[in-house]
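Survey of secondary and tertiary structure
Here's the letter readout for the chains.
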Amino acid sequence: MLIVMATKATPKMVDEVCSVIESMGLKAHPMPGALRTAIGITGNKSQVDSNIILAQEGVRDIIHVTKPFKLVSREFYPENSIIDVDGVKIGGPEFVVMAGPCSVESREQCMIVAEHVHKAGAKIFRGGAFKPRTSPYSFQGLKEEGLKILAEVRDKFGLKIVTEAVDTETVNLVADYSDIIQIGARNMQNYSLLRKAGQTKKPVLLKRGMSATLEEFLMAAEYIMAEDNPNVILCERGVRTFADHTRNTLDLSAIPFVKRTSHLPIISDPSHGTGVRHKVIPLSRASMAVGADGLIIEVHHDPAKALSDGPQALTPDMFDDLMNQMRSIAKVLDRECG
Ligand code: PEP
Ligand code: MN
């Protein structure tokens, strides 16, 4: 349920309505907008008596939200959410590119790649320190040592850091070192991890599960927002289909669907979405064209020696090419890039 306050409603009236809602055992989520404040209600198991609320001073209207997701839905919050990652704004006019290796392998590797992607116009550096690998015998990441290398990258280049948290035991550690906590495809429905990531209040990059419907994807985002963390960035990273010419099938139609259904920003990951280096640039172009708010791209200075996901890593030269193409398309779409 969504309460629309009158344009002239005062902050005191909004507070009053919130306390009435809380006194009914429900949770109020005030959302100030350009013209008026809306107040979302969650926690109701059945229909709420709207007459009590309508009788409050300053209440203009009540809208019954039909979708199972509330806080993530555009019905609740009609304007685009812009997530401010320490000065880098995702979801506004800027098309934000995150780039870096799949895994943090060494200090030297990260410095080489970071210097390059920074020069090319990336704003956020990616790199996994905790790696969710299909095989328990594969490289699992440098863990805290990797997080320290990422923090050095931030200090040296001013890049913001996005890195994955794989479990509830280490999510707070990841939060301490990073600017954005990544929740990977394999953990999209790990509800205790989603809640804990939400509780950190840090921006969270939530990747779509490899066989998740868009409703399941948005419900996972709802878990984070239900912890009073509005800083959620969604990421389409491909789903599993019968097609075998790519690692996954990048579901580009998810992007306009999400933009219409939710106010949250959504970026695209054509690296995991295709798994093939030479398909990353074409799918990046397409991602911007369908309305993505940014990209997350794997880059390695020596992909043949990468400890994970080498076949999909762009070389630094290819990344330059990608950024130049993105800047050209951004002009046509009235967006800024790099
Ligand atoms: C990654 O970003 O390196 C990763 C493991 O991605 P995903 O969770 O989308 O597979
Ligand atoms: Mn990877």
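Residues numbered from 1 in each chain as written. Chains lettered and ligands numbered in written order. Predicted model: local features only at pLDDT ≥ 70, side-chain atom pairs only at ≥ 80, totals over all residues. Heavy atoms only, no water.

Some details on the packing of aromatic side chains
Put simply, the rule is: When two rings of Phe, Tyr or Trp (its six-membered ring) have centres within 6.5 Å they constitute a pair, described as stacked for plane angles under 30 degrees, edge-to-face for angles over 60, and tilted for the intermediate range. Only DSSP runs of H or I with at least four residues qualify as helices, and only runs of E with at least two residues qualify as strands; both kinds are numbered from the N terminus onward. Relative accessible area decides the class of each residue, using a 1.4 Å probe on protein chains only: under 20% of the type maximum gives buried, over 50% gives exposed, and in between gives partly exposed.
Per the stated rule, a full pass over the model turns up 1 aromatic pair. On the numbers, 4.3 Å between centres and 20° between planes, the contact of Y191 with Y223 is stacked. Of this pair, Y191 sits in helix α6 (residues 191-199) while Y223 sits in helix α7 (residues 214-225); the two residues are 32 residues apart in sequence, bridging distant segments of the chain. For Y223, a relative accessible area of 24% gives the class partly exposed.

So, the site of ligand 1
What counts, and what does not: Summary of the distance rule: residues count as near a molecule or strand when at least one heavy atom falls within 4 Å of that molecule or strand. The definition of a polar contact used here is a pair of N or O atoms within 3.5 Å, where within protein one atom must be able to donate a hydrogen and the other to accept one, and adjacent residues in sequence count solely through side-chain atom pairs. Accessibility throughout is a Shrake-Rupley quantity obtained with a 1.4 Å probe, and a residue counts as covered only by protein chains that appear here. Note that Gly is not counted as nonpolar here; it falls among the polar residues with everything else outside the nonpolar set of Ala, Val, Leu, Ile, Met, Phe, Trp, Tyr, Cys and Pro and the charged set of Asp, Glu, Lys and Arg.
Around ligand 1 lies a shell formed by C102, R126, K131, E164, Q182, G184, A185, R186, K207, R237, H272 and E298. Q182 places a polar side-chain atom, nitrogen or oxygen, 2.9 Å from an oxygen atom of ligand 1. For ligand 1, an oxygen atom lies 2.9 Å from a polar atom in the side chain of R186. Its free accessible area being 300 Å², ligand 1 has 97% of it covered by the protein chains. The residue inventory of the shell around ligand 1, partitioned by class, reads 2 nonpolar, 3 polar and 7 charged.

As for the coordination of the manganese ion (ligand 2)
To be explicit about the condition: Note: metal donors comprise N, O and S atoms at 2.8 Å or less from the metal (3.2 Å for Na, K and Ca); water molecules are not included, so apparent gaps in a site are possible.
Within the protein, C102 (SG), H272 (NE2), E298 (OE) and D309 (OD) serve as the donor atoms for the manganese ion (ligand 2), at 2.0 to 2.4 Å. Positions of the donor residues of the manganese ion (ligand 2) along the chain correspond to the pattern C-x169-H-x25-E-x10-D. One end of the pair, C102, is in the loop between β7 (94-100) and α3 (107-120); the other, H272, is in helix α9 (residues 270-274), and 170 residues separate them in sequence. The residues C102 and H272 share a single accessibility class, namely buried.

Thoughts on the pairing of strand β2 (residues 27-32)
Here is the rule we go by: By this definition, two strands are paired if DSSP reports at least two bridges between them.
The sheet contact formed by β2 and strand β3 (residues 37-42) spans 6 bridges and is antiparallel. In the strand pairing of β3, P30 is matched with I39. Once β2 ends, the chain turns through 4 residues before running back antiparallel as β3.

Side note on the domain arrangement of the protein
To be explicit about the condition: Delimitation of the domains relies on an automatic or database domain assignment.
By the assigned domains, the protein splits into domain 1 (2-63) and domain 2 (83-337). One C-alpha centre belongs to domain 1, the other to domain 2, and the line joining them spans 36 Å.

Some points on the sheet that holds β3
The test is simple: Here an axis means a line fitted to C-alpha atoms, over the contact stretch when the element is a helix, while the angle between two N-to-C directions is reported on a 0 to 180 degree scale. Any two residues whose heavy atoms approach within 4.5 Å at even a single point are treated as in contact.
On the basis of which strands lie adjacent, the open sheet formed by 4 strands has the order β2-β3-β1-β4 and antiparallel pairing. Strands at the two margins of the open sheet, each flanked by one partner only, are β2 and β4 (59-63). Looking at each pair of strands side by side, their axes are set apart by 20° on average, direction ignored. The strands that helix α1 (residues 11-23) touches are β1 (2-5), β2, β3 and β4; relative to β2, the one it contacts most, it runs at about 160°.

A closer look at unusual backbone geometry
With a phi angle near 45°, D86 is a residue other than glycine that sits in the positive phi range. Secondary-structure assignment places D86 in the loop between β5 (83-85) and β6 (88-90). The exposure class of D86 is exposed, given its relative accessible area of 55%. If you check the backbone angles, K143 has positive phi at about 55° while not being a glycine. Judged by relative accessible area, K143 falls into the partly exposed class, the value being 37%.

So, the side chain of R154
You can see R154 is positioned in helix α4 (residues 144-157). Aside from chain neighbours lying at most four places away, what touches R154 is L159, I161, Y177, S178 and D179.

Describing the environment of L142
Of note, L142 is situated in the loop between β8 (124-126) and α4. C-alpha separation for the pair L142 and V104, spaced 38 residues apart in sequence, amounts to 6.8 Å. For L142, the contacting residues outside a window of four places in its chain are V104, E105, S106, A129 and I149.

So, the nonpolar core
Where we set the bar: In this text, buried Ala, Val, Leu, Ile, Met, Phe, Trp, Tyr and Cys residues form a nonpolar core when linked through side-chain atoms within 4.5 Å.
F125, V153, L206, L234, I297 and F319 are the most contacted members of the largest nonpolar core, which has 75 residues in total. Among the domains, domain 1 (2-63) and domain 2 (83-337) are the pair contributing at least three residues each to this core. Setting aside its immediate chain neighbours within four residues, V153 contacts C110, M111, A114, F125, G158, L159 and I161.

Focus: the side chain of T246
Mapped onto the elements, T246 comes out in the loop between β12 (232-236) and α8 (254-261). Looking at T246, the relative accessible area reads 14%, which means it is buried. At a separation of 2.7 Å, a polar atom in the side chain of T246 contacts the main-chain carbonyl oxygen of N248. The residues contacting T246, other than those within four sequence positions of it, are T274, V276 and K279.

A look at the pattern of salt bridges
Defined as follows: What counts as a salt bridge is simple: a side-chain nitrogen of Lys or Arg found within 4 Å of a carboxyl oxygen of Asp or Glu.
Per the counting criterion, the structure on display carries 16 salt bridges. A salt bridge links D84 to K89; the shortest N-O distance between them is 3.9 Å. Judged by its relative accessible area of 41%, D84 is partly exposed. One salt bridge in this structure joins D269 and K207, with 2.7 Å as the shortest N-O distance. Remark: K207 occurs in strand β11 (residues 204-207) and D269 occurs in the loop between β13 (266-268) and α9; sequence separation between them is 62 residues. With relative accessibility at 1%, the residue D269 sits in the buried group. Linked by salt bridges that have partners in common, R208, E236 and D251 make up one network.

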